[in-house]
Each structure stands twice: as structure tokens, then as C-alpha cells.
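One letter stands for each residue in the lines below.
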Amino acid sequence: MIHVDVDKSLPVLDGRHRLDVLSLSRGEDAFVLDYTITPPLPGDEPGGETVFMWIEAADDRLHHYTDFGGARGLSEDGLRTQGTISGQPAIDTDAKELSVRFVFLHGQSEQAYDLVIGL
């Protein structure tokens, strides 16, 4: 697996939370993004309504990638959500950039946020 440090942040969910994308790992058949969200997403705290998140992605060579699942939970200190989310297929070896759209569904509200990651 090839590991790329990303270290990019953006405000999400009406600016009430911050998404930090920490790294991207490229595998033979998929890629994985490591991230945190501060403060924690409501569904990751006891009694909170679940917030669903998925990704859509495309590279600069016009290849498209679909969400392949992930896992998340409350950090040990309780201050953030931490998780991974993956996409498939593997990123084209000639790609130089990956545009990732993070989509959040909370109740009836769907919001999307875009981030470009250099490869």
C-alpha cells in the first residue's frame, strides 16, 4: 500500500464541524482515507441522531470511484469522530489529483463538500 499524507481541513455541516483528512492509502483494488471530525458527529455520541457520510471521487484522468464503506467512532478522548472511508477501484497509477466529494445526510438535509488531494 502507498501512503500519502493529506493534512487538509474544511468546515462541514453548516460550519458546526471540521473535517480533517489526514491521509490517503492506495491499495491494489481500493483506496482508504483516514479522517477526523471535530466536534464529534451527533450519531457518534450517546443519544445523537445518526449522520451518514459517503464519498464520490474522480481523478484528473477522468476515472470515477465509488464509496466502498468504512468505519468510524468516537475518539478515546471523546472530542472527535475518527474513522476511515474507502473508495474503489484502485486509483489510476498515472493520476496526479483526486477530487473527493464528502456527502453528509443528517435528517432530511444532504450537504456535500469537495476536496482535491494531490497524489
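A short tour of the structure in this document, coming up. Given the structure is predicted, the values throughout are model-derived calculations rather than measurements.

Some thoughts on the packing of aromatic side chains
- Under the defined criterion, the tally for this structure stands at two aromatic pairs.
- Look at Phe31 and Tyr65: their rings are 5.8 Å apart centre to centre, the planes differ by 85 degrees, and that puts the pair in the edge-to-face class. Of this pair, Phe31 sits in strand 3 (residues 31-38) while Tyr65 sits in strand 5 (residues 64-74); the two residues are 34 residues apart in sequence, bridging distant segments of the chain.
- Ring geometry for Phe104 against Tyr113: centres 5.9 Å apart, planes inclined by 70 degrees, an arrangement best described as edge-to-face. When sorted by exposure, Phe104 lands in the same class as Tyr113, which is buried.

Some words on the pairing of strand 3
- Note that strand 2 (residues 17-26) and strand 3 share eight bridges and pair antiparallel. Directly across from Leu24, in strand 3, lies its bridge partner Leu33.
- In sequence, strand 2 turns back onto strand 3 through a hairpin of four residues.

Some thoughts on the sheet that holds strand 6 (residues 81-88)
- Taken in spatial order, the eight strands make up an open sheet running 1-2-3-6-5-4-7-8, and their pairing is antiparallel. Taken across any chain shown, the strands that pair with only one partner, and hence form the sheet edges, are strand 1 (2-12) and strand 8 (109-118). Within the sheet, the average angular offset between the axes of one strand and its neighbour, ignoring direction, is 20 degrees.
- In this structure, strand 7 (residues 97-106) lies alongside strand 8, joined through 10 bridges in antiparallel fashion. Counterpart to Glu97 in the pairing with strand 8 is Gly118.

Comments concerning the nonpolar core
- Core analysis: the biggest nonpolar cluster contains 28 residues, and Leu24, Phe31, Leu33, Phe102 and Phe104 have the highest contact counts within it.
- The contacts of Leu24, once residues within four sequence positions are left out, are Ile2, His3, Val4, Val6, Phe31, Val32, Leu33, Ile91, Leu98, Ile117 and Leu119.

Re the pattern of salt bridges
- Under the definition given, this model contains five salt bridges.
- Here Asp14 and Arg16 are joined by a salt bridge, their closest N and O atoms 3.2 Å apart.

Describing the pairing of strand 2
- The element strand 2 is extensively covered by neighbouring structure, given that eight of its 10 residues are classed as buried.
- From the end of strand 1 to the start of strand 2, which pair antiparallel, there are four residues, and Leu13 there has a positive phi angle of about 50 degrees.

Comments concerning the side chain of His17
- Topologically, His17 is positioned in strand 2.
- Only 2.8 Å separates the side chain of His17 from the backbone oxygen of Pro39, close enough to count as a polar contact.
- In contact with His17, other than residues within four places in its own chain, are Leu10, Pro11, Val12, Ile37, Thr38, Pro39, Pro40, Leu41 and Pro42.

Looking at the environment of Gly87
- By secondary structure assignment, the location of Gly87 is in strand 6.
- Residue Gly87 is classed as buried on the basis of its relative accessible area of 0%.
- In this structure, the C-alpha to C-alpha distance between Gly87 and Val32, residues 55 residues apart in sequence, is 6.5 Å.
- Those residues in contact with Gly87, other than ones at most four positions away along the chain, are Ala30, Phe31, Ile55, Thr66, Asp67 and Phe68.

Cut-offs applied
- Residues numbered from 1 in each chain as written.
- Predicted model: local features only at pLDDT ≥ 70, side-chain atom pairs only at ≥ 80, totals over all residues.
- Heavy atoms only, no water.
- Phe/Tyr/Trp six-rings, centres within 6.5 Å; stacked < 30°, edge-to-face > 60°.
- Helix = DSSP H or I, 4+ residues; strand = E, 2+ residues; numbered from the N terminus.
- Buried < 20%, exposed > 50% of the residue type's maximum accessible area, 1.4 Å probe, protein only.
- Pairing = 2+ DSSP bridges.
- Axes fitted to C-alpha atoms, helices over the stretch in contact; angles between N-to-C directions.
- Core = buried A, V, L, I, M, F, W, Y, C linked by side-chain atoms within 4.5 Å.
- Contact = heavy atoms within 4.5 Å.
- Salt bridge = Lys/Arg side-chain N within 4 Å of Asp/Glu carboxyl O.
- Polar contact = N/O pair within 3.5 Å; in protein donor to acceptor, adjacent residues only side chain to side chain.

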